Amino acid sequence: MSQNITQNKTICYHCGEDCQSEPLWHNDHTFCCFGCQTVFELLSENDLCDYYSFENNPGNQLSHFIKDKYLFLDNEEVVDHLLDFKSDQLSKITFSIPSIHCSSCIWLLENISRFDNGIIVSKINFSKKRLTIDYNPTKTTLRKIADLLYQLSYEPEISLDAKGATSAKKNKTRDLKIGIAGFCFGNIMLLAFPDYLGIEIDSEFIQYFTYISLCLSIPVISYCSSEFFTSALSGLRKRLLNIDLPIAIGILALYGRSLYEIISNTGPGYLDSMSALVFFLLIGRWVQGKTYEGLAFDRNFKSYFPLAIQKIKGADKTKTSTLVSLLEVNDLIEVRNEEIVPCDAILMSKEALIDYSFVSGESIPNRICEGAKIYAGGKVKGSAVQMTIIKPVSQSYLTQLWNHSSFDEEDTGMPSLIDQVSRYFTPIVLLIALFSGLYWYVFDSSKVLYVVSSVLIVACPCALALATPFTLNATMNTLGLHKMYLKGTHVIEKLWQVKKIIFDKTGTITTGSSQNVEWIGKELNNEEKNNLYALASQSVHPLSLQLVHHLKNFQKHFEVTSFQEAKGKGISGLVNNLKIKLGSPTFVGLSIDSSDGAVVAVSINKEVKGYFLMRTKYRVGLSSMIDQLSKTFNLAVLSGDNEAERKSLVEIFPKGTEINFNQTPENKLFAIESFEKEQKTMMIGDGLNDAGALKRSFVGLSVAENMSSFTPASDIIMLGNKLTELPKFLSLISLSKRIILSGFIVSFVYNIAGLSLAVAGFITPVIAAILMPISSISVVALSTLGVKYLGYKLKLKA
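Not measured: the values here are computed from a predicted model. (Residues numbered from 1 in each chain as written. Predicted model: local features only at pLDDT ≥ 70, side-chain atom pairs only at ≥ 80, totals over all residues. Heavy atoms only, no water.)

### With respect to the overall build of the protein chain
Reasoning step 1: Regarding its fold elements, the protein chain presents 26 helices and 30 strands.
Reasoning step 2: When contacts within the protein chain are restricted to residue pairs at least 6 apart in sequence, those whose partners lie at least 24 apart make up 67%.
Reasoning step 3: When the accessible surface of the protein chain is summed, it comes to about 37,400 Å², and 54% of that surface belongs to carbon and sulfur atoms. (Helix = DSSP H or I, 4+ residues; strand = E, 2+ residues; numbered from the N terminus. Contact = heavy atoms within 4.5 Å. Areas by Shrake-Rupley, 256 points an atom, 1.4 Å probe, with all protein chains shown as cover.)

### A few points about unusual backbone geometry
Reasoning step 1: We note that Lys606 has phi near 70 degrees; this positive angle belongs to a residue other than glycine.
Reasoning step 2: Residue classification places Lys606 among the exposed residues on the basis of a relative accessible area of 80%.
Reasoning step 3: The backbone of Asn662 shows a phi angle near 55 degrees, a positive value even though the residue is not glycine.
Reasoning step 4: With respect to the helices, strands and loops of the structure, Asn662 is situated in the loop between strand S27 (658–660) and helix H23 (665–676). (Buried < 20%, exposed > 50% of the residue type's maximum accessible area, 1.4 Å probe, protein only.)

### Some words on the environment of Ala276
Reasoning step 1: Note on placement: Ala276 falls in helix H11 (residues 271–295).
Reasoning step 2: The buried category is assigned to Ala276, whose relative accessible area is 3%.

### A word on the packing of aromatic side chains
Reasoning step 1: On inspection of all chains with the given rule, the structure shows nine aromatic pairs.
Reasoning step 2: Judged by centre distance (5.4 Å) and plane angle (90 degrees), the rings of Tyr439 and Trp440 are edge-to-face.
Reasoning step 3: Each member of the aromatic cluster is reached from another via a ring pair, and the members are Phe185, Phe279 and Phe280.
Reasoning step 4: In this structure, Lys177 packs its charged tip against the face of Tyr223, placed 5.4 Å from the ring centre.
Reasoning step 5: Over the aromatic face of Phe587 sits the side chain of Lys581, whose NZ or CZ is 4.8 Å from the ring centroid. (Phe/Tyr/Trp six-rings, centres within 6.5 Å; stacked < 30°, edge-to-face > 60°. Lys NZ or Arg CZ within 6 Å of the ring centre and 35° of its normal.)

### Looking at the pattern of salt bridges
Reasoning step 1: Counted according to the given criterion, the structure contains 18 salt bridges.
Reasoning step 2: Across the salt bridge formed by Lys92 and Asp134, the nearest N and O atoms sit 3.0 Å from each other. Within this pair, whereas Lys92 is found in strand S6 (residues 91–96), its partner Asp134 is found in strand S8 (residues 130–135), the two being separated by 42 residues in sequence. Each of the two residues, Lys92 as well as Asp134, counts as buried.
Reasoning step 3: Between Arg696 and Glu673 there is a salt bridge, with the nearest N and O atoms lying 3.8 Å from each other. Of this pair, Arg696 sits in helix H24 (residues 691–696) while Glu673 is found in helix H23, placing the two residues 23 residues apart along the sequence.
Reasoning step 4: What emerges from the salt-bridge pattern is a single network uniting Lys522, Glu528, Glu607 and Lys609. (Salt bridge = Lys/Arg side-chain N within 4 Å of Asp/Glu carboxyl O.)

### Details of the pairing of S6
Reasoning step 1: Of the pairings in the sheet, the one linking strand S5 (residues 85–86) to S6 comprises two bridges and is antiparallel in character. Considered in S6, the bridge of Phe85 is made with Lys92.
Reasoning step 2: Adjacent in sequence and paired antiparallel, S5 and S6 are bridged by four residues.
Reasoning step 3: Here S6 runs beside S8; their pairing, made up of six bridges, is antiparallel. Its bridge partner lying in S8, Lys92 is registered against Asp134. (Pairing = 2+ DSSP bridges.)

### Considerations on the side chain of Thr510
Reasoning step 1: Relative to the assigned elements, Thr510 resides in the loop between strand S19 (500–503) and strand S20 (516–521).
Reasoning step 2: A polar contact is formed between the side chain of Thr510 and the backbone oxygen of Lys505, at a distance of 3.3 Å. (Polar contact = N/O pair within 3.5 Å; in protein donor to acceptor, adjacent residues only side chain to side chain.)

### Notes on the packing of helix H21 (residues 622–630) against helix H25 (residues 726–759)
Reasoning step 1: Relative orientation of the contacting elements H21 and H25 amounts to 30 degrees, with a least axis distance of 9 Å. Judged on the interaxial angle alone, H25 and H21 are roughly parallel. Counted together, Met625, Gln628 and Leu629 of H21 and Leu726, Pro727 and Leu730 of H25 form the full contact between these two elements.
Reasoning step 2: By residue class, the composition of the contact of H21 with H25 is five nonpolar, one polar and no charged. (Axes fitted to C-alpha atoms, helices over the stretch in contact; angles between N-to-C directions. Parallel < 35°, antiparallel > 145°, perpendicular 65-115°, else oblique. Nonpolar A, V, L, I, M, F, W, Y, C, P; charged D, E, K, R; others polar.)

### Quick look at the nonpolar core
Reasoning step 1: Of all hydrophobic cores here, the largest spans 46 residues; its most connected members are Ile251 and Met274.
Reasoning step 2: Looking at this core, the elements that each hand over two or more residues are helix H6 (165–191), helix H8 (203–224), helix H9 (226–237), helix H10 (244–264), H11, helix H14 (417–443), helix H15 (448–458) and H25.
Reasoning step 3: Setting aside residues no more than four positions away along its own chain, Met274 makes contact with Ser217, Val220, Ile221, Ile251, Leu254 and Tyr255.
Reasoning step 4: Of all hydrophobic cores here, the second largest spans 44 residues; its members include Ile492, Met625, Leu649 and Val787. (Core = buried A, V, L, I, M, F, W, Y, C linked by side-chain atoms within 4.5 Å.)

### Some thoughts on H23
Reasoning step 1: The end-to-end C-alpha distance of H23 is 17 Å, a good match for the 16 Å that twelve residues give at a rise of 1.5 Å each.
Reasoning step 2: Among the residues of H23, those classed as buried are Lys668, Ala671, Ile672, Phe675 and Glu676. End-on, the buried residues of H23 take up no more than an arc of 135 degrees, which puts them together on one face.
Reasoning step 3: Looking at the buried side of H23, the elements it contacts are S19, strand S26 (634–638), S27, strand S28 (681–685) and H24. (Expected span 1.5 Å × (residues − 1). Arc of directions from axis to C-beta.)

### Some words on the state of the cysteines
Reasoning step 1: Per the stated rule, a full pass over the model turns up zero disulfides.
Reasoning step 2: Here Cys224 is not cross-linked by a disulfide; its sulfur's nearest cysteine counterpart is in Cys184, at 6.2 Å. (Disulfide = S-S within 2.5 Å.)

### Quick look at the sheet that holds S5
Reasoning step 1: Taken in spatial order, the four strands line up as S5-S6-S8-S7 in an open sheet, and their pairing is antiparallel. If you trace the sheet from one side to the other, it starts and ends with S5 and strand S7 (119–125), each paired once.

### Brief notes about the pairing of strand S17 (residues 385–389)
Reasoning step 1: A large share of S17 lies buried, amounting to five of its five residues.
Reasoning step 2: Side-chain alternation along S17 places Val385, Met387 and Ile389 on one buried face and Gln386 and Thr388 on a second face that is also buried.
Reasoning step 3: With four bridges joining them, strand S11 (residues 332–335) and S17 adopt antiparallel strand pairing. Its bridge partner lying in S17, Val335 is registered against Val385.
Reasoning step 4: In this sheet, S17 lies alongside strand S12 (residues 345–347) in antiparallel orientation, the contact comprising three bridges. Directly across from Leu347, in S17, lies its bridge partner Met387.

### Things to note about the packing of H9 against H10
Reasoning step 1: Between H9 and H10, whose axes approach to 8 Å, the crossing angle comes to 125 degrees. The angle between H9 and H10 places the two elements in the oblique class. Handedness of the crossing formed by H9 with H10: left-handed. Contact with H9, carried on its side by Glu227, Phe228, Phe229, Ser231, Ala232 and Leu236, involves Asp244, Leu245, Ile247, Ala248, Ile251 and Leu252 of H10 and no other residues of that element.
Reasoning step 2: Per-class residue counts for the contact of H9 with H10 are nine nonpolar, one polar and two charged. (Left-handed = near helix turned anticlockwise from the far one by under 90°.)

### Here's the deal with H10
Reasoning step 1: Compared with an ideal rise of 1.5 Å per residue, which puts 21 residues at 30 Å, H10 spans 30 Å between its outermost C-alpha atoms and is within 8% of the ideal.
Reasoning step 2: Taken residue by residue, H10 has Asp244, Leu245, Pro246, Ile247, Ala248, Gly250, Ile251, Leu254, Tyr255, Ser258, Glu261 and Ile262 as its buried positions.

### Brief notes about the environment of Leu449
Reasoning step 1: When you line up the elements, Leu449 lands in helix H15.
Reasoning step 2: It is 8.7 Å that separates the C-alpha atoms of Leu449 and Gly250, two residues lying 199 residues apart in sequence.
Reasoning step 3: Aside from chain neighbours lying at most four places away, what touches Leu449 is Ala253, Leu254, Arg257 and Tyr270.

### Observations concerning the sheet that holds strand S25 (residues 607–615)
Reasoning step 1: Spatially, the six strands line up as an open sheet ordered S20-S25-S24-S23-S22-S21, and their pairing is antiparallel. Where the open sheet ends on each side, the last strands, each with one partner, are S20 and strand S21 (560–566). For this sheet, the mean angle separating the axes of adjacent strands, direction not counted, is 15 degrees.
Reasoning step 2: Inspection of the sheet shows S21 paired to strand S22 (residues 570–575) by five bridges, in the antiparallel sense. Residue pairing for S22: Gln564 is matched across the bridge by Ser572.
Reasoning step 3: Contacting S21, S22, strand S23 (578–583), strand S24 (598–604) and S25, helix H18 (residues 526–536) crosses the sheet at an angle of about 65 degrees to S23.

Now the structure itself:
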């Protein structure tokens, strides 16, 4: 029989709560209510009882089940409002699940598809307590999924109101607690002034003041300090000794001793110290919260890429590049081939081919007609299309798509480092407090309470746990401010391991807008130049953008149909019923022996007209950048162009650098795979023809000449004019490891010094309460200011 009975208390096998006097028995296990028993039965029926092997009593109590709680999810309009994405075979939804608390929760919720075969995949973001589910709407419904989560004791929070209300309510509660604790602390101190100043007053007044202080302490102990007790009890129920347990014991020790002295008339107690302790602890938590909120990278989309799109304005339909964060509902935008749709919109063009692989992982594009809804994250294939925005841009949603599992998403899912550290840290602190109390009980019993309380409160592992994430976040934010945008902080840790850097040439180490463009061939009339401009403007390839810039005086708004782009070869389409091709000589059907630059050949209705010769201009500062990088990394070049530039590249790159030309996208991919067998690589390319190589390399860096280039296969996006500052960026990333080490040292020194002073009886609980948040804030300050100082020292230019 399962051992669910401890002493005189019977605990629930599922949630760990007290079963009271009448426990429910099922399969040799005890349960506190039918809800917990039902969850166990569901898990048992689906062979998911491994859930109980990760933690003891890992479940949440479900004693009050409300039937039809999610009946409103039968309404299609409500469902459409909540869904992140919807198609015939796939829908995506993100739930907030506040009750997620341990590894068992993660395991169960990521295996929830075994309860419902309509669920395709589920992913947990533990830190945000969010569950993302992809499901097939032909096999299940959103209501069924919500009901299932509810039955499993993971009640999803679903609200159609404005986001952030929960956070605002939480902040308001903490502010109220600080206000009450401060009021009570101030008045208790005021009533204790006669004691502090040694003023002799009538004993009746002293007793009267003491009982008023006791009354004032009640809201402090019962309401203001409740979060420490709740957190400590929650940890104990899960067999976890968290950091709030010593704090709760210290508060109770002071309050218990005060009650004893007041009731027994042996002293005034320590109510002033207790209320001051709670007040300063709450102040510390508030300061920490504000600090984290201001620096948390996942709340600041500016540290990600500044995605831009073509916005159409006025009767003349002028196109301007606009940041997606500035777009509004009813704005008309144009999205070109291979560009990402930034927000939900209605198609205004006759038809469009939309690739939702970025959202769903499905590789087959969907052909949709005028008036159809297009979801954010879709990629346009073929001719540029126009659409009207119907939903504001969510930069966080686009970033979530960037971290989609299809693009090697980082691990999201385990309990916080603070809790992991505190599993060992808290028991050690409790033992130190115990032995310190025994020591002072023998030598000076009057100091026992103060010493024990100080030891329990001053020790804190938070600073140790914060050193790494805050340094990485600060580094990522600094890089973002200087136009280097990282997929996530995990990319910084990957960059620490890179030993070899591979460069693409065109659009990467060369710059398009300043190159010399020369037409060689049959003379083109203005109408033909207008047609070429219309076709080239459909593509975001560096050579297409350069050609558009060259033909900017011939921009008539001609419609392009049957547009196609062959990666690494060229583009084609129908303009004014003329079949036009732009691309490499072999793609167009032109034979050229050699050239001293990049070639964009032209054919109209199968007649080869000639080619644009684009003489290469390397980025200013390229030679200096290569010299600096070669001191730390092995270098290589993979170019899709001919060997005309070999002599120039040999002069720029160090002797022995592997330089390969005429590389197709497939050749680049195979080359990266070969390099990866020897050492970790970073591929730097333009993001279009190099997508496969960027994804296959250990770190992929996409160089963009404009902010509309967004390549999900890459780990980093950098604006082209910042590429030559790469050595400084990599130096900052390397030095961030030293800042993390410094944070560890600060944390260890603080805890050793704080505990030593507390054990020796040199600090009071109130001083300990003030010191505790200072340690965390000092590490946060070290991380952020240290990274900023390094940025200044390296002379990074915004």
